[in-house]
Structures are given as structure tokens and as C-alpha cells.
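Understanding the architecture of this molecule
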Amino acid sequence: MSERQERLQNRLQPEIREFRDNCRTLQLATVDSEGNPNASYAPFVLQEDGYYVLISEIARHARNLQQVPRVSLMLIEDESGARELFARKRLTFDAVAEVVARDDARWSKAVAALEGRFGEIIKGLSNLKDFKLFRLKPEQGLFVKGFGQAFAVSGDELVDFVHLVEGHKRIDTGAELTSLADAPV
């Protein structure tokens, strides 16, 4: 790792972790076996081996994850706290979904963590037959801080930072924008 990349990682990794830890739900983009898309969300807990969500297979996104275990995840800054709606802070990942069996040690650990985070409702939901625990294992991802501030991240502990160098360019001059103030009106 280069010195520049190490400095960038040391600066961004705490920011990404703080952002991630302040999010309580994640957005899910799934598809069914025929390729029909579905956007949804779920409360989550992060464990050392991935994001865990407890969702009912009555819900379309749970059925989709069982049919096609590829998913896109997004954690996004709340609209009310965003300085600019067109450049909300967000963390996205391509991920692989896996149903965790009730007799798997990961089930007990993740359900306990979900209950610690979300309270008694988890105890009730986890005792319903239609609720499945999914582990979403992130692969490559992207952290966007704002206009012209996008960083590729790896799925394992977010240690592989590469600043994306392609930015927004004006149509009239071809000049790269460094802030929204540079955008044509």
C-alpha cells in the first residue's frame, strides 16, 4: 500500500465505520429468478462475517434472496441531515446472501445482537416460522462522501481504498467540477 493510500485509509476508515454504525437499516436491491427487480429495506446488525437481517419469506425481497442470492446493499444518509440531496453520503456493496439455519451458531449470535440493537420485537419475530435470518456478505463497494468524493472499498474490513478519479465534467468546457458551486446554472 502506498503512503498516500495509507493516509487516505487512516482518514476514511473511521469516518466510514462511524457512518455505518449510525445507520440502523439498509436498503436492499434484489431480483427474482426472472430478473424482476425489487427495492426494499431491513433493519440490520453487523457481525464480523457480514450484515445480518431477519426478514419474513412472505416479503418479496426474502423470496428473491432465496431464488437469487446476489444483492446490492445501500446505507444512506438521512435526507433531513443531508447538506445536499443530490450528493447524500452513502455506502453501497455488492453482496452474496445466505440463509442461516436456526441450528447454526451464527443464528443465536446474530439474533442476540439484533435483539440488543432493536429490542423485544426480535424475540417475537425470530420465533415465527416464516422469518429467516440472512447473512449478507459484502464484496466490493463504494463510499460516496459527496460530489467528486467517491472511494472504492473492499468487503473485508473496508481496508482497500482507491479514490475514483473520474469526476463530473461540464458539458460546455469539459472542466472537472470540484464542488456543486462549479455546476452550470
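Preceding this section is the structure that the text describes.
Criteria and thresholds
Residues numbered from 1 in each chain as written. Predicted model: local features only at pLDDT ≥ 70, side-chain atom pairs only at ≥ 80, totals over all residues. Heavy atoms only, no water. Helix = DSSP H or I, 4+ residues; strand = E, 2+ residues; numbered from the N terminus. Buried < 20%, exposed > 50% of the residue type's maximum accessible area, 1.4 Å probe, protein only. Areas by Shrake-Rupley, 256 points an atom, 1.4 Å probe, with all protein chains shown as cover. Phe/Tyr/Trp six-rings, centres within 6.5 Å; stacked < 30°, edge-to-face > 60°. Lys NZ or Arg CZ within 6 Å of the ring centre and 35° of its normal. Salt bridge = Lys/Arg side-chain N within 4 Å of Asp/Glu carboxyl O.

A few words now on the overall build of the protein. The number of helices and strands found in the protein is four helices and nine strands. For the protein, the sequential pattern of α-helices and β-strands runs α-β-β-β-β-α-β-β-α-α-β-β-β. The 185 residues of the protein split such that 35% are buried. Accessible surface, the protein: about 10,800 Å² in total, of which carbon and sulfur atoms supply 52%.

What follows is about the packing of aromatic side chains. Taken as a whole and judged by the stated rule, the model has three aromatic pairs. Measuring from ring centre to ring centre gives 6.4 Å for tyrosine 51 and phenylalanine 93, while their planes differ by 45°; the resulting arrangement is tilted. With tyrosine 51 in strand β4 (residues 50-56) and phenylalanine 93 in strand β6 (residues 90-100), the pair connects residues that are 42 residues apart, well separated along the chain. No difference in accessibility class separates tyrosine 51 from phenylalanine 93, as the two residues are buried. Among the aromatic side chains, those forming a connected cluster through ring pairs are Phe44, Tyr51 and Phe93. Its guanidinium or amino end placed over the ring of phenylalanine 44, arginine 117 lies 4.8 Å from that ring's centre, counting from NZ or CZ.

The final tally for this structure, using the stated rule, is 13 salt bridges. The salt bridge involving glutamate 98 is made with arginine 135; its shortest N-O contact spans 2.9 Å. Remark: arginine 135 occurs in strand β7 (residues 131-146) and glutamate 98 occurs in strand β6; sequence separation between them is 37 residues. On the basis of relative accessibility, which here comes to 15%, the residue arginine 135 falls in the buried class. The salt bridge partner of lysine 123 is glutamate 115, with a shortest N-O separation of 3.6 Å. A relative accessible area of 24% means that glutamate 115 is categorised as partly exposed. Here the salt bridges do not stand alone but share partners, grouping Asp49, Glu98, Asp104, Arg106 and Arg135 into one network.

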